[in-house]
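# Summary of structural features
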Amino acid sequence: MIARLLVVEDDPDIGPSLVHALKVQGYDAQLAPDATTAERLAGEHVPDLVLLDLGLPDLDGVELCRRLRASLPSTVLVVLTARDSEIDVVIGLDAGADDYLTKPFRLAELLARLRAHLRRRTPTSAGDRLAVGHVVLDLAARRCLVDGTELALRPKELDLLSMLMSEAGSAVSRDRLMAEVWDEHWFGSTKTLDMHVSSLRRKLGDAGEQPERIATVRGFGYRYERELPASPAAQDQPGD
Ligand code: CA
């Protein structure tokens, strides 16, 4: 199956040549030079992955990212930005990006990152499920259910949770999480990992609870707890 990519980029020196390069690589790539076109194209054919420049002529790229996240829950959103300061906003504050590349980037780096993202989307065999306690991950359907209610997880959150749950009870190193969930050649900051863990904890209803289902293993990584010890203190103090 050919992956469908949407490139949202208004710079005439970057957009067309990037789309051309992606087509040469065998992707089905389309260009949207502004947010309006991006939303229209994404509505016509759901893309597997969106490359999103944040500086757009008609709408703040962060706002577009938020809208695309809401309308395309299973599409991978990769933000292109020249400003490091924007990364926290797009990844951390529920604008919903899965990854980012800082401009200028090398094409080889972009392609490696795309391959890593799209490989994760390869369907697993039907019936692949992980269940720990009352959290169930249906890997084939790429859904997460907590007590039967579906959680809205971003693609990378689901990948991360699936890796932690598949090794529940054991600590998984940051390096391995970065390599397997993001990219085997990741060389950037691991801030992305921490932000995804925080967001997962929030969605699992664990933020601020002690003990947490996703435990921090200091100086090493994270561990998904197989069983949580009873914690009446946490229940008695809502909101802490
Ligand atoms: Ca721009």
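Definitions and limits used
Residues numbered from 1 in each chain as written. Predicted model: local features only at pLDDT ≥ 70, side-chain atom pairs only at ≥ 80, totals over all residues. Heavy atoms only, no water. Helix = DSSP H or I, 4+ residues; strand = E, 2+ residues; numbered from the N terminus. Contact = heavy atoms within 4.5 Å. Areas by Shrake-Rupley, 256 points an atom, 1.4 Å probe, with all protein chains shown as cover. Buried < 20%, exposed > 50% of the residue type's maximum accessible area, 1.4 Å probe, protein only. Polar contact = N/O pair within 3.5 Å; in protein donor to acceptor, adjacent residues only side chain to side chain. Core = buried A, V, L, I, M, F, W, Y, C linked by side-chain atoms within 4.5 Å. Donors = N, O, S within 2.8 Å, 3.2 Å for Na, K, Ca; no water. pLDDT = per-residue confidence, 0-100. Arc of directions from axis to C-beta. Pairing = 2+ DSSP bridges. Axes fitted to C-alpha atoms, helices over the stretch in contact; angles between N-to-C directions.

Glancing now at the overall build of the chain. Helix and strand counts for the chain come out as 9 helices and 12 strands. Taking the intrachain contacts of the chain between residues at least 6 apart in sequence as the baseline, contacts between residues at least 24 apart amount to 58%. As presented, the chain carries roughly 11700 Å² of accessible surface, and 51% of it is formed by carbon and sulfur atoms.

So, about the side chain of Thr75. Its place among the elements puts Thr75 in the loop between helix H3 (61-71) and strand S4 (76-81). Residue classification places Thr75 among the buried residues on the basis of a relative accessible area of 1%. Within the structure, Thr75 has its side chain in polar contact with the backbone oxygen of Pro47 (distance 2.7 Å).

A few words now on the nonpolar core. Leu160, Leu161 and Tyr224 are the most contacted members of the largest nonpolar core, which has 28 residues in total. Counting residues per element, the ones that place at least two in this core are strand S6 (129-132), strand S7 (135-138), strand S8 (143-146), helix H6 (155-166), helix H7 (174-182), helix H8 (191-203) and strand S12 (221-224). Here the element with the most residues in this core is H6; it accounts for 6 residues. With residues up to four places along the chain from it excluded, the contact list for Leu160 reads Leu177, Val181, Trp182, Leu193, His196, Val197 and Leu200. Listed in part, the 21 residues of the second largest apolar core include Val62, Cys65, Leu68 and Leu72.

Let us now look at the coordination of the calcium ion. Protein-derived coordination of the calcium ion comes from Asp10 (OD), Asp53 (OD) and Gly55 (O), at a distance range of 2.2 to 2.4 Å. Within one chain, the residues donating to the calcium ion are spaced in sequence as D-x42-D-x1-G. Taking the relative accessible area as the measure of exposure, Gly55 reaches 35% and is therefore partly exposed.

Right, let's get into the confidence of the model for the chain. The predicted coordinates should not be examined in detail at positions where pLDDT is low. For the chain, mean pLDDT is 83; residues scoring 70 or higher make up 81% of the total. Mean pLDDT in the chain bottoms out at helix H9 (residues 232-236), which sits at 46, and peaks at strand S1 (residues 4-8), which reaches 97. Scored below 50 in pLDDT, residues 232-240 makes 2 contacts in the model with residues more than four places away or belonging to other chains.

Since the α-helix advances by 3.6 residues per turn, residues separated by three or four positions end up pointing in the same direction. Within helix H1 (residues 15-24), burial applies to Gly15, Leu18, Val19, Ala21 and Leu22. The arc that holds every buried residue of H1, seen down its axis, measures 160°, which confines them to one face. Opposite its buried face, H1 presents the exposed residues His20 and Val24, each directed more than 90 degrees away. Against the buried residues of H1 lie S1, strand S2 (28-32), strand S3 (49-53) and helix H5 (107-119). Immediately downstream of H1, the backbone of Gly26 shows phi near 95°, a positive value.

If you walk across this open sheet you meet the 3 strands as S10-S12-S11, and the pairing is antiparallel. Single-partner strands in this sheet number two, and they are strand S10 (171-173) and strand S11 (214-217). The mean inter-strand angle of the sheet, taken between neighbouring strand axes irrespective of direction, is 30°. In the packing of H6 onto the sheet, contacts are made with S10, S11 and S12, and the angle to S12 comes to roughly 70°. Of the strands in this sheet, S10 and S12 touch H7, which is tilted by about 70° from S10.

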